[in-house]
Amino acid sequence: MTYCLSALVDAGIVFASDSRTHAGVDHVSTYSKMHTFAWDGERVLVLLSAGNLGTTQAVLRQIDLDLADEGAEDLRSLPHLHQVAEYIGRLSLNVQQGLNSGMQQGVSFEATFILGGQRQDQAPEMYLIYPQGNYITSSPEQPFFQIGETKYGKPILDRIVQPSLSLESAARCALVSIDSTMRSNLSVGPPIDLLLYTRDSLRIDRRLRLKTSSPYFQSVRKQWAAGLKRLFEDLPPFEWERETGQLSLDTSATGPAAPTGRE
């Protein structure tokens, strides 16, 4: 499994992804799911991938072949990002159909992508590309996208991400989202790729690869866990706790407090 996310805010776009891949219980390895294509001053594109690794690699190979072919439609020649999203959707669908035709049924070759970036004289954009080749774009009401193992990291994004959020705050939110997913699902793991694209910069200048041992990532994880515990301990008590003047929460316990027996 994997987990990737992106967030489009007024200041730019944040991209984040884990790097764990699985091909069975005994085959766990790392593979970057963040792919960048940049022509400084002209356009910057970032592609996040989830799903079948063979499909992803075949799509990336075809992208490179098209870029090397002067007469081919490619990432650089297409004038608008929505056309790039259509192009990647077609590549993915063609690869899946080719693999499905030669393999046994029951094997999924589906892949999902997030495309984000900016072209000169256009605003930053972000697209979610489905395995079927179609896509949707972000909006102020939907300023983030997720692919892969999405459910554990979604609550923090729902509560925090909005267009007015700073780029750095959106990046910290992305790290917390990935940390929450890693704590709940072992199939998502480090290193974490994090990229902050600044609006109108038209270049990639802030990209990090964080391991669990990275001091900054350790600090974020520790402070987030401690903050959650403090907030939980500050939740209002039940009425019967107020009446007796004794809180039933044992802050040293790992589980919920024992019932008091009062109705």
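As a starting point, this report considers the structure included with it. (Residues numbered from 1 in each chain as written. Predicted model: local features only at pLDDT ≥ 70, side-chain atom pairs only at ≥ 80, totals over all residues. Heavy atoms only, no water.)

A few words on the overall build of the protein chain. Counting its regular elements, the protein chain contains 6 helices and 12 strands. Across the 263 residues in the protein chain, those meeting the buried criterion constitute 43%. Sequence separation of 24 or more characterises 60% of the internal contacts of the protein chain that already satisfy a separation of 6 or more. Carbon and sulfur atoms form 51% of the exposed surface of the protein chain, whose accessible area is close to 14,200 Å². (Helix = DSSP H or I, 4+ residues; strand = E, 2+ residues; numbered from the N terminus. Buried < 20%, exposed > 50% of the residue type's maximum accessible area, 1.4 Å probe, protein only. Contact = heavy atoms within 4.5 Å. Areas by Shrake-Rupley, 256 points an atom, 1.4 Å probe, with all protein chains shown as cover.)

Here the focus is the side chain of Ser92. Following the sequence through the fold, Ser92 ends up in helix α2 (residues 81–102). Classification of Ser92 by relative accessible area gives buried; the value is 0%. If near-sequence neighbours (up to four positions away) are discounted, Ser92 is found in contact with Thr55, Val59, Ala111, Phe113 and Pro131.

Turning next to the pairing of strand β8 (residues 125–129). Most of β8 sits inside the fold, with 4 of its 5 residues counted as buried. Judged from the 5 bridges that link them, strand β7 (residues 111–119) and β8 form a sheet pairing that is antiparallel. Of the residues in β8, the one forming a bridge with Phe113 is Ile129. Here β7 folds back onto β8 in antiparallel fashion, the turn holding 5 residues, of which Asp121 has a positive phi close to 70°. Pairing geometry for β8 and strand β9 (residues 135–137), over 3 bridges, is antiparallel. Bridging across to β9, Ile129 finds its partner in Tyr135. Between β8 and the antiparallel strand that follows it, β9, lie 5 residues; Gly133 among them carries a positive phi value of about 95°. (Pairing = 2+ DSSP bridges.)

Turning to the environment of Ser180, a few remarks are in order. Here Ser180 shows up in helix α4 (residues 167–184). Between the alpha carbons of Ser180 and Lys151 there is a distance of 9.8 Å; along the sequence they are 29 residues apart.

Taken as a whole and judged by the stated rule, the model has 11 salt bridges. Salt-bridge contacts for Lys154 lead to Asp158; the nearest nitrogen and oxygen are separated by 2.9 Å. Of the two residues, Lys154 and Asp158 are both situated in helix α3 (residues 154–160); the distance of 4 residues between them amounts to about one turn of the helix. The class for Lys154 is partly exposed, based on a relative accessible area of 34%. The partner of Arg209 in a salt bridge is Asp193, with the nearest N and O atoms 2.8 Å apart. Of this pair, Arg209 sits in strand β12 (residues 207–210) while Asp193 sits in strand β11 (residues 192–198), and the two are 16 residues apart along the sequence. (Salt bridge = Lys/Arg side-chain N within 4 Å of Asp/Glu carboxyl O.)

What follows covers the sheet that holds β8. Read from one edge of the open sheet, 5 strands run β5-β6-β7-β8-β9, paired in antiparallel fashion. Looking at the sheet topology across the chains shown, the edges are occupied by β5 (34–39) and β9. This sheet shows a mean twist of 15° between the axes of neighbouring strands, independent of strand direction. In the sheet, strand β6 (residues 43–51) pairs with β7 via 9 bridges, with the strands oriented antiparallel. Residue pairing in the sheet places Gly51 in a bridge with Ala111 of β7. Taken strand by strand, helix α1 (residues 53–68) contacts β5, β6 and β7, and its axis lies near 10° from that of β5. (Axes fitted to C-alpha atoms, helices over the stretch in contact; angles between N-to-C directions.)

What follows covers the nonpolar core. Across soluble globular proteins, nonpolar side chains have a tendency to be buried as a group. In terms of nonpolar packing, the biggest core is built from 27 residues, with Leu5, Val14, Leu157, Leu175, Ile178, Ile192 and Leu194 touching the most fellow members. Breaking this core down by element, the ones donating at least two residues are β1 (3–9), β2 (12–17), α3, α4, β11 and α5 (215–233). Discounting residues that sit within four places of it in the chain, Leu175 has contacts with Ile192, Leu194, Leu210, Tyr216, Phe217 and Val220. Counting residues in hydrophobic clusters, the runner-up holds 22 residues, among them Leu47, Tyr87, Ile88 and Ile129. (Core = buried A, V, L, I, M, F, W, Y, C linked by side-chain atoms within 4.5 Å.)

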